[in-house]
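# Structural overview for review
What follows is each chain in one-letter form.
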Amino acid sequence: MSKTWRPATQLVHGGTLRSQYGETSEAIYLTQGFVYDTSEAAEARFKGETDGYIYARYGSPTNDMFEKRMCMLEGAEDARATASGMAAVSAAILCQVKAGDHIVAARALFGSCRWVVETLAPKYGIECTLVDGRDLKNWEEAIRPNTKVFFLESPTNPTLEVVDISGVARLANQVGAKVVVDNVFATPLFQKPLELGAHIVVYSATKHIDGQGRCLGGVVLADKAWIDENLHDYFRHTGPAMSPFNAWTLLKGIETLPLRVKQQTQNAAKIADFLAEQNKVAKVIYPGRADHPQADIIAKQMKGGSTLVAFELKGGKEAAFALQNALEIIKISNNLGDSKSLITHPATTTHKNLSEEARVELGISPGTVRLSAGIEDTDDLIEDFAKALAKVSA
């Protein structure tokens, strides 16, 4: 496989394995185990003296194709496919820390991600400090002698804040810590955290990579040495492996990733501009707009905007619910990155378990709404919003 291939080619052909039958589409290897020609061959494979598959929880040909294709796209040496995005996040963080270690995380995180570092990790003696990730000074001041991991999303869920990944990586390298970046909102097409200095990248493949609402999946990407030292045994013994069927589904989804993300981003940008002109909308946050508070960082580290738009309605929760209930094309769902446009009210769904104080701190008001733009006709989506907004009380 050529390393000079561009993303659209990589995502159709990268990492493909073919059986003796020469199939066009990747084969699904739905098997838990594998057989060996001899007892000696089995022994050699378990010793690592010969290459080959042992057990589907450790790896399979279909999963291997998905991992290799993601590595090509991300520019990573190695990867492990997981059963869900949260399995990827949990594995990437927990595999490299122990009791007495310290994590610094941006406070603007998806609710379950925040639970892992703020609630789960401390149960095992791992300390965590949450910071406003927009200011590098906050990361620097949070560092302790036992700090091992920095964790962040950029752009963040749901308010699309942006963190200076290169700046955080420089601080981490000074103290020997590792930077884990959840890159879901940017997609691997618009942002390359490893090129910016991050050490580990995680995705919920459920989102843009599948992009069609079919299956769960996640992936952890890093250099091979880190995966061998930290993730390999954790992955083998705790069992967060992806189903081969899901890996095959994701391989099919990833082929059209550039086409879908291009249209989704165009739709998101035009909808953001439309919403910014509406008098019932208090504010719009979109990484592709010049009025984004961190437009300078976005220009430095992102190649495009996002498929997500955050906006706040002046009428609070009542207005947000009225808008969502009046939409016809755009569906209410907490998922994102889908071919279908989806909308959600974070305060009562994805971030409802946070305290009111924490939501205020993150800029999630009762009127905050998150849109995940799909691939529908742009004008139809804007007309859908216009009709729905007309039904919202001023």
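Residues numbered from 1 in each chain as written. Predicted model: local features only at pLDDT ≥ 70, side-chain atom pairs only at ≥ 80, totals over all residues. Heavy atoms only, no water.

## Concerning the nonpolar core
Going by this rule: Residues belong to a common nonpolar core when they are buried Ala, Val, Leu, Ile, Met, Phe, Trp, Tyr or Cys residues joined through side-chain atoms within 4.5 Å. When a residue's accessible area, from a 1.4 Å probe over protein chains only, is under 20% of the maximum for its type it is buried; when over 50% it is exposed; and in between it is partly exposed. Think of it this way: any DSSP run of H or I at least four residues long counts as a helix, any run of E at least two long counts as a strand, and we number them from the N terminus. By the convention used here, residues are in contact when the closest approach between their heavy atoms is within 4.5 Å.
Counting residues in hydrophobic clusters, the biggest one holds 32 residues, and the most contacted among them are Phe66, Met70, Tyr203, Ile209 and Leu221. Only helix 3 (61-74), strand 1 (78-82), helix 8 (187-190), strand 6 (200-204), strand 7 (218-222), helix 11 (244-254), helix 12 (257-276) and strand 9 (308-313) provide two or more residues apiece to this core. Leave out the neighbours within four places in its chain, and Met70 touches Tyr203, Ile209, Val219, Leu221 and Ile254.

## Topic: the pairing of strand 12 (residues 368-372)
When a strand is regular, its side chains alternate between the sheet's two faces. Note the threshold: Strands qualify as paired when DSSP identifies two bridges or more between them.
Extensive coverage of strand 12 is indicated by the burial of five of its five residues. Judged from the five bridges that link them, strand 9 and strand 12 form a sheet pairing that is antiparallel. Counted as the bridge partner of Ala310 is Arg370 from strand 12. Pairing of strand 11 (residues 342-344) with strand 12, which is carried by three bridges, proceeds in the antiparallel orientation. From the neighbouring strand, Thr344 faces strand 12, where its bridge partner is Arg370.

## Notes on the packing of helix 4 (residues 85-94) against helix 10 (residues 224-238)
As a reminder of what qualifies: Helix axes use the C-alpha atoms of the stretch in contact, all axes being lines fitted to C-alpha atoms, and the angles between their N-to-C directions lie in the range 0 to 180 degrees. Here roughly perpendicular refers to angles of 65 to 115 degrees, roughly parallel to angles under 35, roughly antiparallel to angles over 145, and oblique to all remaining angles. Crossing handedness is defined as follows: a turn of the near helix away from the far one that is anticlockwise and smaller than a right angle gives a left-handed crossing, while the clockwise case is right-handed. Polar here means any residue other than Ala, Val, Leu, Ile, Met, Phe, Trp, Tyr, Cys and Pro, which are nonpolar, and Asp, Glu, Lys and Arg, which are charged; Gly is therefore polar.
Look at helix 4 against helix 10: their axes get within 9 Å of each other, and the N-to-C directions meet at 120°. Between helix 4 and helix 10, the angle falls in the class oblique. The crossing of helix 4 and helix 10 is right-handed. Facing helix 4, whose interface residues are Ser90, Ala91, Ala92 and Leu94, helix 10 presents Trp226, Leu231 and Tyr234. For the contact of helix 4 with helix 10, the residue count by class is six nonpolar, one polar and no charged.

## A closer look at unusual backbone geometry
The omega torsion across Ser154 and Pro155 is -5°, close enough to zero to call that bond cis. With respect to the helices, strands and loops of the structure, Pro155 is situated in the loop between strand 4 (147-153) and helix 7 (165-175). In this structure, Leu160 takes a positive phi of about 60° despite not being glycine. Position of Leu160 among the secondary structure elements: in the loop between strand 4 and helix 7. What makes Leu160 buried here is its relative accessible area of 0%. Unlike most non-glycine residues, Thr187 shows phi in positive territory, near 65°. Inspection of the secondary structure puts Thr187 in helix 8.

## Re the sheet that holds strand 12
Within the open sheet, the five strands sit side by side as 8-9-12-11-10. Their pairing is mixed. The sheet terminates laterally at strand 8 (281-285) and strand 10 (331-332), the two strands that pair on one side only. Pairing analysis gives four bridges linking strand 8 to strand 9, with the strands arranged antiparallel. Looking across to strand 9, one finds that Ile285 is bridged to Ala310. Sheet contacts for helix 14 (residues 316-326): strand 9, strand 10, strand 11 and strand 12; angle to strand 9, the most-contacted strand, approximately 130°.

## Overview of the pattern of salt bridges
Cut-off, in case you're wondering: Salt-bridge detection follows one rule: a side-chain nitrogen of Lys or Arg within 4 Å of a carboxyl oxygen of Asp or Glu.
Per the stated rule, a full pass over the model turns up 18 salt bridges. Between Lys68 and Asp64 there is a salt bridge, and its shortest N-O distance comes to 2.9 Å. Pair noted here: Lys68 and Asp64 are both in helix 3, with a separation of four residues, about one helical turn. For Lys68, a relative accessible area of 39% gives the class partly exposed. On the basis of relative accessible area, Asp64 is assigned to the buried category, the value being 16%. Each of Arg107, Asp132, Arg134, Glu161 and Glu361 takes part in a single network of salt bridges with overlapping partners.

## Re the packing of aromatic side chains
Definition in use: Under the pairing criterion, centres of Phe, Tyr and Trp rings, with the six-membered ring standing for Trp, must be within 6.5 Å; the plane angle then separates stacked pairs below 30 degrees from edge-to-face pairs above 60, leaving the rest tilted. We count a charge as sitting over a ring when the NZ of a lysine or the CZ of an arginine lies within 6 Å of the ring centre and within 35 degrees of the ring normal.
Inspection of the entire model under this criterion finds six aromatic pairs. Geometrically, the ring pair formed by Trp139 and Phe150 is tilted, given 5.5 Å between the ring centres and 40° between the ring planes. Separated by eleven residues along the polypeptide, Trp139 in helix 6 (residues 136-142) and Phe150 in strand 4 bring together distant segments of the chain. The burial state of Trp139 is the same as that of Phe150; both residues are buried. The ring centre of Tyr58 lies 3.8 Å from the NZ or CZ of Arg236, which sits over that ring.

## A closer look at the sheet that holds strand 7
Read from one edge of the open sheet, seven strands run 1-7-6-5-4-2-3, paired in mixed fashion. Two strands lie at the open edges of the sheet, namely strand 1 and strand 3 (127-131), each paired on one side alone. The sheet shows a mean angle of 20° between the axes of neighbouring strands, taken without regard to direction. Across five bridges, strand 1 lies against strand 7 in antiparallel orientation. Each bridged residue has a counterpart across the sheet, and for Ala79 the counterpart in strand 7 is Leu221. Contacts from helix 4 reach strand 1, strand 2 (102-106), strand 4, strand 5 (178-182), strand 6 and strand 7 within the one sheet, and its direction differs from that of strand 6 by about 160°. Helix-sheet contacts for helix 5 (residues 111-123) involve strand 2, strand 3, strand 4 and strand 5, and the interaxial angle to strand 3 is about 140°.

## What to know about the environment of Glu26
If you trace the backbone, Glu26 turns up in the loop between helix 1 (7-13) and helix 2 (39-47). The sequence separation of Glu26 and Thr249 amounts to 223 residues, and the corresponding C-alpha distance is 9.9 Å.

## Considering the packing of helix 3 against helix 11
Relative orientation and spacing of two packed helices are given, respectively, by the angle between their axes and the distance between those axes. Close contact between helix 3 and helix 11 brings their axes to 8 Å; oriented N to C, the two are set at 35°. Both helix 3 and helix 11 take part in a crossing whose hand is left-handed. Contacts between helix 3 and helix 11 involve Thr62, Asn63, Met65, Phe66, Arg69 and Met70 from the former and Pro244, Ala247, Trp248, Leu250, Leu251 and Ile254 from the latter. Taken together, the residues of the contact of helix 3 with helix 11 sort by class into nine nonpolar, two polar and one charged.

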